[in-house]
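Residue strings, one per chain:
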Amino acid sequence: MKYVLVTGGVVSGLGKGVTASSIGLILKACGLRVTSIKIDPYLNTDAGTMSPFEHGEVYVLDDGGEVDLDLGNYERFLDIKLTRDNNITTGKIYQSVIDKERRGDYLGKTVQVVPHITDAIQEWIERVAVIPVDGKEGPPDVCVIELGGTIGDIESMPFIEALGQFSYRVGAGNFCLIHVSLVPVLSVVGEQKTKPTQHSVRGLRSLGLTPNILACRSTTELDENVMEKISRFCHVPVDNIITLYDVSNIWRIPLLLRDQKAHEAILRVLNLKGVAREPALGEWTSRAELCDKLHEPVRVAMVGKYTGLSDAYLSVLKALVHASVPCHRKLCIDWIAAGDLECETAKENLDNYKKAWKLLKGADAILVPGGFGDRGVEGKILAARYARENRIPFLGICLGMQIAVIEFARSIVGLLDANSTEFDPNTQNPCVIFMPEGSKTHMGGTMRLGSRRTYFQAADCKSAKLYGNQSFVDERHRHRYEVNPDMVQQFENAGLSFTGKDESGRRMEIVELPNHPYFVGVQFHPEFKSRPGKPSALFLGLIAAATGQLETFLKKGVPKTWGLSNGTSGLKSHRYVNGSKLANGSLDGIYSKGNGIHV
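Because the structure is a prediction, the values reported are computed rather than measured.

Participant: When you look at the pairing of strand 13 (residues 330-337) in this model, what are you seeing that I'm missing?
Facilitator: As a general feature of sheets, a regular strand has side chains that alternate between the two faces. When you tally the buried positions in strand 13, you get 6 out of 8 residues, the bulk of the element. As defined by bridge partners, strand 12 (residues 297-304) adjoins strand 13 across 8 bridges and the pair is classed as parallel. Looking at strand 13, one finds that alanine 301 is bridged to aspartate 334. A crossover connection joins strand 12 to the parallel strand 13 through helix 12 (residues 314-324); in handedness this β-α-β unit is right-handed.

Participant: Is there a simple way to think about unusual backbone geometry in this case?
Facilitator: Cis geometry is adopted by the peptide bond preceding proline 115, which originates at valine 114 and carries an omega value of 15°. Inspection of the secondary structure puts proline 115 in helix 5 (residues 113-129). With phi around 75°, valine 10 is a residue other than glycine that occupies positive phi space. Within the secondary structure, valine 10 sits in the loop between strand 1 (2-8) and helix 1 (16-29).

Participant: Mind showing me how you'd approach helix 5 here?
Facilitator: Structural remark: α-helix, 3.6 residues per turn; residues separated by three or four positions point the same way. Here helix 5 is 17 residues long and its end C-alpha atoms lie 23 Å apart, about the 24 Å a rise of 1.5 Å per residue gives. Residues His116, Ile117, Thr118, Ala120, Ile121, Gln122, Trp124, Ile125, Val128 and Ala129 constitute the buried set of helix 5. Tucked inside the fold, the buried residues of helix 5 contact strand 1, strand 2 (34-40), strand 5 (87-89), helix 4 (90-103), strand 6 (142-147) and helix 6 (157-170).

Participant: Honestly, the packing of helix 7 (residues 195-206) against helix 8 (residues 224-234) in this entry has me stumped. Any pointers?
Facilitator: For the pair helix 7 and helix 8, the least separation of the axes is 10 Å and the interaxial angle reads 25°. Comparing the axis directions of helix 7 and helix 8 gives the class roughly parallel. Where helix 7 crosses over helix 8, the two elements pack in a sense that is right-handed. Counted together, Thr197, Gln198, Val201 and Arg205 of helix 7 and Lys229, Ile230, Phe233 and Cys234 of helix 8 form the full contact between these two elements. Across the contact of helix 7 with helix 8, the residue classes tally to 4 nonpolar, 2 polar and 2 charged.

Participant: Mind showing me how you'd approach the side chain of threonine 454 here?
Facilitator: As for its placement among the helices and strands, threonine 454 is situated in strand 18 (residues 448-456). With relative accessibility at 0%, the residue threonine 454 sits in the buried group. Apart from residues lying up to four places away in sequence, threonine 454 is in contact with Ser471, Phe472, Val473, Gly500, Lys501, Glu509, Ile510 and Phe524.

Participant: Mind showing me how you'd approach the pairing of strand 15 (residues 394-397) here?
Facilitator: Here strand 15 shows no split at all, with Phe394 and Gly396 on one side and Leu395 and Ile397 on the other all buried. Of the pairings in the sheet, the one linking strand 14 (residues 365-368) to strand 15 comprises 3 bridges and is parallel in character. Its bridge partner being in strand 15, isoleucine 366 is matched across the sheet by phenylalanine 394. Once you follow strand 14 into helix 15 (residues 377-389) and on to strand 15, the crossover reads as right-handed.

Participant: Is there a simple way to explain the pattern of salt bridges in this structure?
Facilitator: Working definition: two side chains of opposite charge can pair if their charged atoms are close together. By the definition in use, this model includes 34 salt bridges. With a closest N to O distance of 4.0 Å, lysine 38 and glutamate 146 form a salt bridge. With a gap of 108 residues between them, lysine 38 in strand 2 and glutamate 146 in strand 6 connect regions that are remote in the sequence. Taken individually, lysine 38 and glutamate 146 each receive the classification buried, so the pair is uniform in this respect.

Participant: Explanation requested: the state of the cysteines in the structure shown.
Facilitator: All chains considered together, the criterion is met by 0 disulfides. Here cysteine 327 is not disulfide-linked; the sulfur of cysteine 291 is the nearest cysteine sulfur, at 13 Å. Judged by relative accessible area, which is 1%, cysteine 327 ranks as buried. In this model cysteine 398 remains outside any disulfide bridge; the closest cysteine sulfur is found in cysteine 431, 16 Å from its own.

Participant: Just to check I follow, could you spell out a positive patch on the surface for this structure?
Facilitator: Among the surface-exposed residues, Lys195, Arg202, Lys229 and Arg232 lie close enough to one another that they form a single positively charged patch. Elements with a contribution of two residues or more to the positive patch: helix 7 and helix 8. Here arginine 202 shows up in helix 7.

Parameters at a glance
Residues numbered from 1 in each chain as written. Predicted model: local features only at pLDDT ≥ 70, side-chain atom pairs only at ≥ 80, totals over all residues. Heavy atoms only, no water. Buried < 20%, exposed > 50% of the residue type's maximum accessible area, 1.4 Å probe, protein only. Helix = DSSP H or I, 4+ residues; strand = E, 2+ residues; numbered from the N terminus. Pairing = 2+ DSSP bridges. Right-handed = clockwise from strand over helix to strand, strands pointing away. Expected span 1.5 Å × (residues − 1). Contact = heavy atoms within 4.5 Å. Axes fitted to C-alpha atoms, helices over the stretch in contact; angles between N-to-C directions. Parallel < 35°, antiparallel > 145°, perpendicular 65-115°, else oblique. Left-handed = near helix turned anticlockwise from the far one by under 90°. Nonpolar A, V, L, I, M, F, W, Y, C, P; charged D, E, K, R; others polar. Salt bridge = Lys/Arg side-chain N within 4 Å of Asp/Glu carboxyl O. Disulfide = S-S within 2.5 Å. Patch = residues over 30% accessible without salt bridge, like charges linked within 9 Å, V, L, I, M, F, W, Y side chains within 5 Å. Areas by Shrake-Rupley, 256 points an atom, 1.4 Å probe, with all protein chains shown as cover. Lys, Arg positive; Asp, Glu negative; His and termini not counted. Charge placed at Lys NZ, Arg CZ, Asp CG, Glu CD.

Purely spatial values, then, with no claim about function.
Here it is as structure tokens:
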């Protein structure tokens, strides 16, 4: 087994996750089987109880693991299925060691950070690294490990020590350390400064780890003399210094690594030069180029609770982009704080109220993502009502589906006080109720989590057609509340169609309005299984409906090339932000300029 460790220095937010994903992708393109591990030094057992404002979205895996959003990057880039054990946290490690101590596994020894915690970390890595994640038999060839945080953080010290021991134990030819550092450009003098990287590498070496490759983040490509200076002071060959500069979209990062021969440097360190081939990235290159050429916008109103932080809906954003590219549209997101649509806001902040409604009314499609808590719920209900009454394509995810049912109950069925027991425990018409198997006393890991099967109830519904007329589909879940099964018949009699249910037939999974251009709500989270070359069916349906292509897709099927062939040569490169056309086609994100939407 070969190991690639990605660490970060100077500041957080440099893009280690994207770098690790891109490294994995380029190694996979070289013919190697790749898996990934993310180490998070926080004490939480997992990400399940963490606020999206605090840590971005909680990404859910097939096995129900609630993990860091970087595992979503790994799965999307590498098209793999990871397990909860691919996310290591301080909480998990200490819990496992304490459990062993309570059982008496240490035979009376004093339990210490070294060797017990550090050994547990190494054992965990070795155990998980051999688990196949690509659907094939046998262990992967390479495991890419990302260490969260920044070198020097007190929280990551046990992991640094463990990884130092680990690199010595597995041997130099089996371990490659890539350090992501910052090379800032001071606007006053316009000079690329190497001192932060020098200090970061010095700190890393003092902790027992020596970088083989430096990945330097900068706004522009590093000058030759700057690379030579970094090489001299950091003791890294110039050929092993890579510039990660700003590019037009995030799909270009693996191409950036390939063009700078990063794969050759990694293969050299791992003694794999004679085993791997040149990276085959033809389809990936076509997709990145097409993304830059698209200019006609599709406007999607994102009505949510955490709109102040785009990472809170990262997988939703990715899924929207994955769906927009085959529809040949440039995605334009209008962020709408759900509370701004409510009447109370009109009294307190009329400008915000008017702005929110103007954005909603100008959208080509409306999406209400998942969430928890009652803040902004009435605004989400108003958004669903506007989409239903004005025949605007609508997709509701998890809570988004539940509020669509509540809105229908109030407006069409006439149950004016209809609500979820999450928001009104005493409602006389509980359209959405707490699931019987849920826990009201413990938060972590007590929801309905992971991959569950949904059976289609009708072959002629839009969702079944978008999924390729399958009889069932497996999607990932994360919820505590469900549509009240005792009220389903009442809703169906009024015209609402529950087109997807679980194996029992009592848990509602998909709801549609048959006579609407596209009004779909799902209890699961389809965004978690969307991939750049394999967009989620329901997101594709939303964008197709918003751009007048849905009927074509439903009749002829989704193009096999996902929009990568023909008809793109004449497209101009522009970027749309809130409806305004900007130059260069740049997309926002760690590696891009401007304020657009990253891929």
